[in-house]
Amino acid sequence: MSFQPVVPLTGYVGWRFLERTLENQQTAFSESQPISRATEYFRENIANVRTAEDLVSDRRLLSVALGAFGLDEDINNTFFIRKILEDGTISDDALANRLADNRYADFSRAFAFGDRPVPRTGLIGFADEIVDRYELRQFERAVGDQNNDLRLAMNVSSGVSDIVDRTQNENAQWFSIMGNAPLRNVFQTALGLPASVSSIDLDKQLELFQERSQSVFGTDKVSDFTAPDMQDKLIRLFLVRSEAAAIATSSGGSTALTLLQSVRPLFG
């Protein structure tokens, strides 16, 4: 039987409730039968995997591997996933490096089938590394089934940390955020940028994200968003703007305006 996350509230109030109950809820979720069966099988068998073909040929292992990086929807795209893994991430021409969504590069790098003579699957601690990511991503997904904004908010901490750990180049960090669909949604909404911004030149998008971040948060450095207080400001503004947009669409703009005004003290 699967544990369903308890998310009785929406918006920033819902986020605060989720934060307070997160540890207990995540533990119960990870111990539920569907998750524990999947993770136990992964721990017992992943060390036997030596090639990308081995991994994509075992659907149960592949499900956990993809789920750990939020790529669950690709479970049936085995040829594509095998190519991602075999190409690795060292070459600029590698498929993962040519995709806008950098989760594929993170996935390929984690297993290292194309990056090392021997993949990371046999390393001590590798199974736990992937299982920890899988349990978190699956809990986020379960939360998202009830409220997708809260799922996106949950992804901020690990998503930003992954990017900052990967590169110290500030422009590259912003490009990574812009190429990561969940993170881009959070930043773009919090910064008040319209969806149409994605259609303009990529370098111009970079300028807009950096300029708006400096204006709204007082910094244009992605690394600053690894700090808990900055993450809280980012998430709060994202949730308030997102909720305001939904309310404005369904019932007019006055309530939405009130919601947006409520966050101004954070940034004044």
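Thresholds, definitions, all that
- Residues numbered from 1 in each chain as written.
- Predicted model: local features only at pLDDT ≥ 70, side-chain atom pairs only at ≥ 80, totals over all residues.
- Heavy atoms only, no water.
- Helix = DSSP H or I, 4+ residues; strand = E, 2+ residues; numbered from the N terminus.
- Rg over C-alpha atoms; globule rule 2.2 N^0.38 Å.
- Buried < 20%, exposed > 50% of the residue type's maximum accessible area, 1.4 Å probe, protein only.
- Contact = heavy atoms within 4.5 Å.
- Areas by Shrake-Rupley, 256 points an atom, 1.4 Å probe, with all protein chains shown as cover.
- Lys, Arg positive; Asp, Glu negative; His and termini not counted.
- Charge placed at Lys NZ, Arg CZ, Asp CG, Glu CD.
- Salt bridge = Lys/Arg side-chain N within 4 Å of Asp/Glu carboxyl O.
- Phe/Tyr/Trp six-rings, centres within 6.5 Å; stacked < 30°, edge-to-face > 60°.
- Expected span 1.5 Å × (residues − 1).
- Arc of directions from axis to C-beta.
- Polar contact = N/O pair within 3.5 Å; in protein donor to acceptor, adjacent residues only side chain to side chain.
- pLDDT = per-residue confidence, 0-100.
- Core = buried A, V, L, I, M, F, W, Y, C linked by side-chain atoms within 4.5 Å.
- Axes fitted to C-alpha atoms, helices over the stretch in contact; angles between N-to-C directions.
- Parallel < 35°, antiparallel > 145°, perpendicular 65-115°, else oblique.
- Nonpolar A, V, L, I, M, F, W, Y, C, P; charged D, E, K, R; others polar.

### Quick look at the overall build of the protein
For step 1, the next point in the chain: In terms of regular secondary structure, the protein is built from 16 helices and zero strands.
For step 2, the next point in the chain: Expected size for 268 residues packed as a compact globule is a radius of gyration near 18 Å; at 20 Å, the protein falls within 12% of this value.
For step 3, the next point in the chain: A principal-axis box enclosing the C-alpha atoms of the protein has dimensions of 60 × 45 × 30 Å.
For step 4, the next point in the chain: A burial count over the protein gives 47% of its 268 residues as buried.
For step 5, the next point in the chain: If you take every contact in the protein between residues at least 6 apart in sequence, the share linking residues at least 24 apart comes to 58%.
For step 6, the next point in the chain: Of the roughly 13,100 Å² of accessible surface on the protein, 49% is carried by carbon and sulfur atoms.
For step 7, the next point in the chain: Positive and negative charge centroids in the protein, built from 27 and 37 side chains respectively, lie 3 Å apart.

### What about the pattern of salt bridges?
For step 1, the next point in the chain: Taken as a whole and judged by the stated rule, the model has 16 salt bridges.
For step 2, the next point in the chain: In this structure, R141 and E73 form a salt bridge, with 3.0 Å as the shortest nitrogen-oxygen distance. Placement of the pair is R141 in helix α8 (residues 126-144) and E73 in the loop between α4 (59-67) and α5 (78-87), with a sequence separation of 68 residues.
For step 3, the next point in the chain: R141 gets classed as partly exposed once you look at its relative accessible area, which sits at 28%.

### Things to note about unusual backbone geometry
A negative phi angle is the norm for most residues apart from glycine, just as the trans form is the norm for most peptide bonds.
For step 1, the next point in the chain: Look at A112: it is not a glycine, yet its phi comes out positive at around 60 degrees.
For step 2, the next point in the chain: Tracing the backbone through its elements, the reader meets A112 in the loop between α7 (103-111) and α8.
For step 3, the next point in the chain: The exposure class assigned to A112 is buried, which follows from its relative accessible area of 2%.

### Re the environment of R16
For step 1, the next point in the chain: Mapped onto the fold, R16 is located in helix α1 (residues 11-30).
For step 2, the next point in the chain: Along the backbone, R16 and R236 are 220 residues apart, and their C-alpha atoms lie at a distance of 9.6 Å.

### Brief notes about the packing of aromatic side chains
A ring pair, where both rings are aromatic, is described by two values, the distance of the centres and the angle of the planes.
For step 1, the next point in the chain: In the structure shown here, the tally under the stated rule is ten aromatic pairs.
For step 2, the next point in the chain: Ring geometry for F111 against F126: centres 5.1 Å apart, planes inclined by 80 degrees, an arrangement best described as edge-to-face. Of this pair, F111 sits in helix α7 while F126 sits in helix α8, and the two are 15 residues apart along the sequence.
For step 3, the next point in the chain: What makes F111 buried here is its relative accessible area of 0%.
For step 4, the next point in the chain: Both rings, one in F187 and one in F225, keep their centres 5.2 Å apart while their planes meet at 80 degrees; by these two values the pair is edge-to-face.

### So, helix α13 (residues 202-217)
For step 1, the next point in the chain: Relative to the 22 Å expected for 16 residues at 1.5 Å per residue, α13 spans 22 Å between its end C-alpha atoms, a close match to the ideal helical length.
For step 2, the next point in the chain: Considered for burial, the residues of α13 that qualify are Q205, L206, F209, Q210, S213, V216 and F217. With its buried residues spanning 145 degrees around the axis, α13 presents them on a single face.
For step 3, the next point in the chain: Measuring from the side-chain oxygen of the N-cap residue of α13 to the backbone nitrogen of D203 gives 3.0 Å; that N-cap residue is D201.

### A few points about the confidence of the model for the protein
For step 1, the next point in the chain: Summary statistics for the protein give a mean pLDDT of 91 and a share of 92% for residues scoring 70 or more.
For step 2, the next point in the chain: The weakest mean pLDDT in the protein belongs to helix α16 (residues 264-267) at 50; the strongest belongs to α4 at 98.

### Re the nonpolar core
For step 1, the next point in the chain: Ranked by internal contacts, the top residues of the largest apolar core, which has 72 residues, are F42, L55, F107 and F111.
For step 2, the next point in the chain: The element contributing the most residues to this core is α8, with eight residues.
For step 3, the next point in the chain: When sequence neighbours within four positions are dropped, the list of residues in contact with F107 reads A65, L66, F69, L71, I81, I84 and L85.

### Examining the environment of S57
For step 1, the next point in the chain: As for its position among the elements, S57 is in helix α3 (residues 52-57).
For step 2, the next point in the chain: A residue is classified by how much of its surface remains accessible, and S57, at 51% relative accessible area, is exposed.
For step 3, the next point in the chain: Distance in space between the C-alpha atoms of S57 and R137 is 22 Å, their sequence separation being 80 residues.

### Some thoughts on the packing of helix α2 (residues 33-45) against α4
For step 1, the next point in the chain: Two elements in contact, α2 and α4, have axes whose closest approach is 9 Å; the angle formed by their N-to-C orientations is 105 degrees. When the axis of α2 is compared with that of α4, the two are roughly perpendicular. Mapping the contact onto sequence places R37, A38, Y41, F42 and N45 in α2 and R60, L61, V64 and A65 in α4.
For step 2, the next point in the chain: Its residues assigned to classes, the contact of α2 with α4 comprises six nonpolar, one polar and two charged.

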